[in-house]
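Examining the three-dimensional arrangement
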Amino acid sequence: MTGGRIRAVAEGYKPCAAMVATQCIFAPMTLWVKAAFAGGMSPMVFVVYRQAVATLVLAPIALISNRSMLKEMRLELKGFFLVFMAALFGATVNQNLCYQGLHLGTSSLATTMTNLIPAITFAMALAVGQERVNIKEVSSIAKVLGTAVCVGGAIIIAFFKGPKLLNLSLNDSYMLIHESSSNWVMGALFLIGSSSCWSLWLILQAPICRSYMDPLTLSAWTCFLSTLQSVAVAFVLLPDRSAWRIHSLFELSCYIFAGVFGSGVVFYLQSWCISVRGPLYSAMFTPLCTVVTTALSAIVLHEELHIGSLLGAVAVVAGLYVVLWGKAEDARKGRDLDQSKDSTNRATRSDAQLDIEDTLAAPLLADAARAPAPS
């Protein structure tokens, strides 16, 4: 395989690697934040500090990277409105709902509800024309079927236990034990709202990156605007000013990790991936967070693994592979169509060039025909 071929293959796998990295960041962060909430950290204050840290990290990088184009980067009113709405739904509302739901529920419930994102994103992208479905095409059927399998696998992980993997017994409970607290229902509703906001954020990024700014600048603006929005929300809804105090090094490290990686790195990788592959591609990796969280819970927290976890993980990976195959088929058809158009254009240009050459050559041929033959 030539060097150019290797580089092309590596470029093709970059979006996939970026999305796997985002889920590997989300999984430990969910467990970390849940532990910090148990220690008294306020969800609304956490969102403010997280976005503020992300802004401090991303803003200088964006300014340095785009210093030669600062004069050209002027947002119109429509562009600023789109960025403001992206920050509002993608960070402010999304994170406040998510962490309120995590605080009221469990980390397992939180990661499970995020698996609604692929289905919601697929419906939204279909509605605005960013995705297309033709039941006569295998790639479209693959995207629909893979999305359903992926979401179903994540639900199996959360709600179906089955026998233990290392100690099989038919007497084990087959269903997840429901939370006795009524807060579980409210937490689930918050998390459903969070997933809907995240899907809307994924949809909004495509036109912004295409028409107004690059993914890095968009991420910096999103974190900055969401910091201001989150401060306003916290001051209105959180009268206890003592909640703003940082009580421990563990809490501080949670703010820093969530800000640098959970917002800074993840927002940029998400925006970049959406700009090259679309919102559905990015959303389809969300169920991997459930798989990684389940594995980390078993390794770090020594939670028992059950058959349901294994079956759900297999379904998630299988569904993700099917959707990625469908997206790859769409991309291949798009390339073939572009090549066909290029070939047609070249053939048309060649015919036109021949007509021009014939037109230019005609007078010369006529003169040659009238010229006397050499004696």
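Rules of the game
- Residues numbered from 1 in each chain as written.
- Predicted model: local features only at pLDDT ≥ 70, side-chain atom pairs only at ≥ 80, totals over all residues.
- Heavy atoms only, no water.
- UniProt positions renumbered as here; feature names shortened; annotations may be inferred.
- Helix = DSSP H or I, 4+ residues; strand = E, 2+ residues; numbered from the N terminus.
- Buried < 20%, exposed > 50% of the residue type's maximum accessible area, 1.4 Å probe, protein only.
- Contact = heavy atoms within 4.5 Å.
- Areas by Shrake-Rupley, 256 points an atom, 1.4 Å probe, with all protein chains shown as cover.
- Polar contact = N/O pair within 3.5 Å; in protein donor to acceptor, adjacent residues only side chain to side chain.
- Core = buried A, V, L, I, M, F, W, Y, C linked by side-chain atoms within 4.5 Å.
- Phe/Tyr/Trp six-rings, centres within 6.5 Å; stacked < 30°, edge-to-face > 60°.
- pLDDT = per-residue confidence, 0-100.
- Axes fitted to C-alpha atoms, helices over the stretch in contact; angles between N-to-C directions.
- Parallel < 35°, antiparallel > 145°, perpendicular 65-115°, else oblique.
- Left-handed = near helix turned anticlockwise from the far one by under 90°.
- Nonpolar A, V, L, I, M, F, W, Y, C, P; charged D, E, K, R; others polar.
- Expected span 1.5 Å × (residues − 1).
- Patch = residues over 30% accessible without salt bridge, like charges linked within 9 Å, V, L, I, M, F, W, Y side chains within 5 Å.
- Salt bridge = Lys/Arg side-chain N within 4 Å of Asp/Glu carboxyl O.

The name given to the protein in an unreviewed UniProt entry is WAT1-related protein, with Urochloa decumbens as the source organism. Note on the protein: under the UniProt heading Sequence similarities (unreviewed entry), the record states "Belongs to the drug/metabolite transporter (DMT) superfamily. Plant drug/metabolite exporter (P-DME) (TC 2.A.7.4) family." If you open the UniProt record of the protein and go to Subcellular location (unreviewed entry), you find "Membrane".

**Thoughts on the overall build of the protein**
Each helix and strand counted, the protein has 12 helices and zero strands in total. Reading the protein from its N terminus to its C terminus gives the helix and strand order α-α-α-α-α-α-α-α-α-α-α-α. Of all 375 residues assigned to the protein, the portion counted as buried reaches 43%. A fraction of 86% describes how many contacts in the protein between residues 6 or more apart in sequence connect residues 24 or more apart. Of the roughly 19600 Å² of accessible surface on the protein, 68% is carried by carbon and sulfur atoms.

**With respect to the side chain of Thr217**
Inspection of the secondary structure assignment puts Thr217 in helix α8 (residues 215-237). At a separation of 2.6 Å, a polar atom in the side chain of Thr217 contacts the side chain of Asp214.

**Some details on the nonpolar core**
Side chains of nonpolar character tend, in soluble globular proteins, to be buried together. The biggest cluster of nonpolar side chains holds 56 residues, and the ones touching the most others in it are Val33, Met41, Phe46 and Tyr99. Excluding its chain neighbours within four sequence positions, the residues that come into contact with Phe46 are Val33, Phe37, Met41, Tyr99, Cys254, Tyr255 and Ala258. Counting residues in hydrophobic clusters, the runner-up holds 15 residues, among them Leu269, Cys273, Met284 and Leu324.

**Brief notes about the packing of aromatic side chains**
When we look at a pair of aromatic rings, we describe it by the centre distance and by the angle of the planes. Summed over all chains, the structure comprises 18 aromatic pairs. Their ring planes at 80° and their centres at 6.0 Å tell us that Phe26 and Trp198 sit as a pair that is edge-to-face. A residue pair is termed long-range when its members are at least 10 positions apart, and Phe26 in helix α1 (residues 3-38) and Trp198 in helix α7 (residues 183-211) qualify at 172 residues. For the pair Trp198 and Trp201, a centre-to-centre distance of 4.6 Å together with 50° between the ring planes defines the contact as tilted. Separated by three residues within a single helix, Trp198 and Trp201 lie in helix α7, roughly one turn from each other.

**Looking at the confidence of the model for the protein**
When pLDDT is low, close inspection of the predicted coordinates is not appropriate. Summarising the model, the protein shows a mean pLDDT of 78, and 76% of its residues fall at 70 or more. In this model residues 168-181 is a low-confidence stretch, pLDDT under 50, and it forms 21 contacts with partners more than four residues away in sequence or in other chains.

**Here's the deal with the packing of helix α2 (residues 43-65) against α8**
Between α2 and α8, the least distance of the axes is 7 Å, while the angle of their chain directions is 155°. The orientation of α2 relative to α8 falls into the category roughly antiparallel. With respect to the hand of their crossing, α2 and α8 are arranged in left-handed fashion. Looking at side-chain class alone, the contact of α2 with α8 contains 17 nonpolar, nine polar and no charged residues.

**Some remarks on the packing of α2 against helix α9 (residues 249-277)**
It is at 8 Å that the axes of α2 and α9 come closest, and there the two elements cross at 60°. By the angle between their directions, the pair α2 and α9 is classed as oblique. In this structure, the crossing between α2 and α9 has a hand that is right-handed. For the pair α2 and α9, contact is made by Val45, Phe46, Tyr49, Arg50, Gln51, Val53, Ala54, Val57 and Leu58 and by Cys254, Tyr255, Ile256, Ala258, Gly259, Val260, Gly262, Ser263, Gly264 and Phe267, respectively. Within the contact of α2 with α9, the residues separate by chemical class into 13 nonpolar, five polar and one charged.

**Concerning helix α5 (residues 117-128)**
Taking 1.5 Å as the rise per residue, α5 with 12 residues should run 16 Å; its terminal C-alpha atoms sit 16 Å apart, in good agreement. Note on α5: the residue one or two positions beyond its end, Gly129, has a positive phi of about 85°.

**A short note on a nonpolar patch on the surface**
Together, Phe80, Phe84, Trp221, Phe224 and Leu228 line one region of the surface with nonpolar side chains, adding up to about 430 Å² of accessible area. By the secondary structure assignment, Leu228 is in helix α8.

**Here we look at the side chain of Thr92**
Among the structural elements, Thr92 can be located in helix α3 (residues 77-104). The class of Thr92 is buried, set by a relative accessible area of 2%. Not counting residues up to four positions away in its chain, the partners in contact with Thr92 are Ala87, Ser226, Gln229, Ser230 and Val233.

**Side note on α8**
Since the α-helix turns once every 3.6 residues, residues separated by three or four places project in the same direction. Helix length check: α8, at 23 residues, gives a terminal C-alpha distance of 32 Å against a target of 33 Å (1.5 Å per residue), a fit within 8%. At the N-terminal end of α8, a side-chain oxygen is found 3.1 Å from the backbone nitrogen of Leu216, two or three residues along, and the residue is Asp214.

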